[in-house]
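These are the residues of each chain, in order.
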Amino acid sequence: MRINCPCCGERGIDEFSYYGDATVTRPDLTSPTAMAEFVAYAFERANIPGPHRELWYHAAGCHLWLVVTRNIATHEILSVESARDVALARNANAKGSA
Ligand SMILES: [Zn+2]
């Protein structure tokens with residue numbers, strides 16, 4: 001498997017580290033229901049075959065955090081985005097809907 005890093009170009013998977021599901025948000029640990037929310041955050045996954053957004057880190061390259069959309073049934077990589085750009089877009093959308 002190869003990942004097309006937006007900074008470095010296409011590189012082998014051995015240069016990257018997988019950091020998990022990019023669709024979940026760490027819960028607020030000060031919430032009264034924090035324990036249940038954290039258990040769901042850490043352990044409950046649908047694991048449905050098809051496209052899935054994952055967090056990757058280019059450890060042996062530019063050190064960029066990436067959001068990789070990958071078909072987990074075929075391993076086909078559908079898109080690669082800078083995690084920073086994804087977070088900025090998410091925050092802008094959150095402000096727009098507030
Ligand atoms: Zn890179």
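Residues numbered from 1 in each chain as written. Predicted model: local features only at pLDDT ≥ 70, side-chain atom pairs only at ≥ 80, totals over all residues.

Draft legend 1. Spotlight on the nonpolar core. Core analysis: the biggest nonpolar cluster contains 6 residues, these being Ile 3, Cys 5, Phe 16, Trp 56, Leu 66 and Val 68. Only strand E1 (2-5) and strand E5 (65-71) provide two or more residues apiece to this core. In contact with Val 68, other than residues within four places in its own chain, are Ile 3, Glu 54, Trp 56, Ile 77 and Val 80. (Core = buried A, V, L, I, M, F, W, Y, C linked by C-beta atoms within 7 Å. Buried ≥ 20, exposed ≤ 12 C-beta atoms within 10 Å, placed from the backbone. Helix = DSSP H or I, 4+ residues; strand = E, 2+ residues; numbered from the N terminus. Contact = placed C-beta atoms within 7 Å.)

Draft legend 2. Highlighting the pairing of E5. Every second residue of E5 is oriented toward a common face, the buried set being Leu 66, Val 68 and Arg 70 and the non-buried set Trp 65, Val 67, Thr 69 and Asn 71. Counting the residues between successive antiparallel strands, the hairpin from E5 to strand E6 (residues 77-82) contains 5 residues, one of them, His 75, with a positive phi of roughly 70 degrees. (Pairing = 2+ DSSP bridges.)

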